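Each chain, written out:
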Amino acid sequence: MSEKTIVLTGDRPTGKLHLGHYVGSIRKRLELQDQHQDNFYLIADLQALTDNADNPEKIRSNVLEVALDNLSLGLDPEKTTFFIQSQVPEISELTILFLNLVTLARLKRNPTVKDEMKQKGYGENVPAGFLTYPVSQAADILFCKANLVPVGEDQLPVLEQANEIVEKFNSLYGEVFQKIKPLVSETSRLLGLDGKHKASKSLNNAIFLSDPREIVEQKVMSMFTDPGHIRAEDPGRVEGNVVFQYLDAFDPEKEELEKLKRDYQKGGIGDVIIKQRLIGILEDFLKPIREKREALAKDPAAVMKILQEGTLKAREVSQKTMLGVKKAVKINYF
Ligand code: TRP
């Protein structure tokens, strides 16, 4: 089997992306597309529908939004094949075959799915498509034989399940697929503005890549810092302080930042000072992204064209994979 590295990443089109996504996985995507020849970027509309079956409009409109987010961050269609999951029917075919290789008990044990089910209050009334999304996610990755997948930490159990499917498939039908290597970014996921939860689009506690300057300012000014740091003279805490977590992720002047932390801990630095610093740094980072996004958003047809061309490319690959798969499973009749 070839040793070639094939990279695949993806997003559910359920909302715009935020800084937590950038730090958690998109930064890694950008590095990888310069290091490898074969890169795929999937917009997982079918997966998004598994818990939004009643709201197809939302998924449809967000296909364009996540494409715009990724393009404006620098994911480059010349290097990365952008495509839409539902338009590659071989992914669904492969999902049907993979479903035979997992048990209901195993599906119910997946900690990521368990958490999400709890959040959504599904209990036993979970849509079957939602419970089985890790299986279709395995097909998202394996249809093009991708073997390197940069993801946020929460996706590790999903990839573990995908690798169990690889093992089972290969042991039943012969060596068709390679193991998938997850790549988790070293930086931990950003906190939300309140400091209580991770940044999340559903909790609306994040700074979005498309937020205008005024909104970024408002959000930074509302960030949780240290409730014990009442007057500027008081010593302040850096751990759990959302402003410092964001500075750690985005401040290019690491030495200055370390000094600022020491001074803050000693006392004498007001929260407004650290917040102003963060606003300036985020604005430097977001301004070019925002401008590129606005320019791209003026011509949605051109963005859809990128998705369409990428989808055609993905289909060529998927058809080739399915020939091998069908042969292995002995469903190649004609
Ligand atoms: N489940 C991923 C998320 O919620 C999105 C996704 C779907 C994905 N298919 C994928 C990620 C394949 C990596 C590989 O973020």
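From a predicted model like this one, the values you see are computed outputs, not experimental measurements.

To continue, consider the pairing of strand β2 (residues 38-43). In terms of burial, β2 is a largely internal element, five of the six residues being buried. Pairing between strand β1 (residues 6-11) and β2: six bridges, direction parallel. Bridge pairing in β2 links G10 to L42. Traced from β1 through helix α1 (residues 19-35) to β2, the parallel crossover comes out right-handed. Pairing of β2 with strand β3 (residues 80-84), which is carried by five bridges, proceeds in the parallel orientation. Paired with L42 across the strands is F83, a residue of β3.

Looking now at the packing of aromatic side chains. Summed over the entire model, instances satisfying the criterion amount to 15 aromatic pairs. A centroid spacing of 5.2 Å and a plane angle of 70° characterise the contact between Y41 and F82, whose relative ring orientation is edge-to-face. Residue Y41 is located in strand β2, and its partner F82 is located in strand β3; the two are separated by 41 residues in the primary sequence. One exposure class covers both Y41 and F82, and it is buried. Through successive ring pairs, a cluster of aromatic residues spans F98, F169, Y173 and F177. In this structure, R12 packs its charged tip against the face of Y133, placed 4.6 Å from the ring centre.

Turning our eyes to something else, we now look at the site of the ligand. Every residue close to the ligand is listed here: L8, G10, R12, L42, A44, Q47, Q137, D140, I141, V149 and Q155. A distance of 2.8 Å separates a nitrogen atom of the ligand from a polar side-chain atom of Q47. At 3.0 Å, a side-chain N or O of Q155 approaches a nitrogen atom of the ligand. With three residues, helix α8 (residues 133-142) is the single largest residue contributor to the shell around the ligand. When its residues are assigned to classes, the shell around the ligand shows five nonpolar, four polar and two charged.

Moving on, we come to the pairing of β3. The buried fraction of β3 is high, at five of five residues. Burial along β3 is two-sided: the face carrying T80, F82 and I84 and the face carrying T81 and F83 are both buried.

Before going further, it helps to spend a moment on the domain arrangement of the chain. Structurally, the chain comprises domain 1 (6-189 + 300-329) and domain 2 (213-294). Averaged C-alpha coordinates put domain 1 and domain 2 at centres separated by 34 Å. With 14 residues of domain 1 at the interface, the matching set in domain 2 holds 10 residues. Approximately 930 Å² of surface area, both sides summed, lies buried where domain 1 meets domain 2, with 62% of it carried by carbon and sulfur atoms. Along the contact surface separating domain 1 from domain 2 lie two salt bridges. At the surface where domain 1 touches domain 2, the tally comes to three residue pairs in polar contact (both at pLDDT 80 or more). When residues of the side of domain 1 that touches domain 2 are traced back to their parent elements, those giving at least two are α1 and α3 (56-73). Element by element, the count of residues in the side of domain 1 that touches domain 2 is highest for α3, at six residues.

So, about the environment of E283. For E283, the location among the structural elements is in helix α13 (residues 271-297). Overall, E283 belongs to the buried group, its relative accessible area being 9%. Considering only alpha carbons, one finds E283 and D226, 57 residues apart in sequence, at a separation of 23 Å. When residues no more than four places from it in sequence are discounted, the contact partners of E283 are R213 and R290. Polar side-chain contacts of E283 include one of 3.0 Å to the side chain of R290.

This paragraph deals with the nonpolar core. Core analysis: the biggest nonpolar cluster contains 49 residues, and L19, I207, M223, Y246 and F250 have the highest contact counts within it. Counting residues per element, this core draws most heavily on α13, which supplies eight residues. Lining this core are residues from two domains, each supplying at least three of them: domain 1 (6-189 + 300-329) and domain 2 (213-294). Apart from the residues lying within four places of it in its own chain, the contact partners of Y246 are L19, L190, L191, A199, I207, M223, D251 and L278. Membership of the second largest hydrophobic core comes to 45 residues, among which are L42, V88, L101 and V158.

As for its position among the elements, R106 is in helix α5 (residues 104-109). Within polar-contact distance, the side chain of R106 engages the side chain of E164 at 2.8 Å. With sequence-adjacent residues up to four places away left out, R106 is seen in contact with E160, Q161 and E164.

Reading the values: rules and limits
Residues numbered from 1 in each chain as written. Predicted model: local features only at pLDDT ≥ 70, side-chain atom pairs only at ≥ 80, totals over all residues. Heavy atoms only, no water. Buried < 20%, exposed > 50% of the residue type's maximum accessible area, 1.4 Å probe, protein only. Helix = DSSP H or I, 4+ residues; strand = E, 2+ residues; numbered from the N terminus. Pairing = 2+ DSSP bridges. Right-handed = clockwise from strand over helix to strand, strands pointing away. Phe/Tyr/Trp six-rings, centres within 6.5 Å; stacked < 30°, edge-to-face > 60°. Lys NZ or Arg CZ within 6 Å of the ring centre and 35° of its normal. Near = heavy atom within 4 Å. Polar contact = N/O pair within 3.5 Å; in protein donor to acceptor, adjacent residues only side chain to side chain. Nonpolar A, V, L, I, M, F, W, Y, C, P; charged D, E, K, R; others polar. Domains from an automatic or database assignment. Contact = heavy atoms within 4.5 Å. Buried area = accessible area lost by both parts, 1.4 Å probe. Salt bridge = Lys/Arg side-chain N within 4 Å of Asp/Glu carboxyl O. Core = buried A, V, L, I, M, F, W, Y, C linked by side-chain atoms within 4.5 Å.

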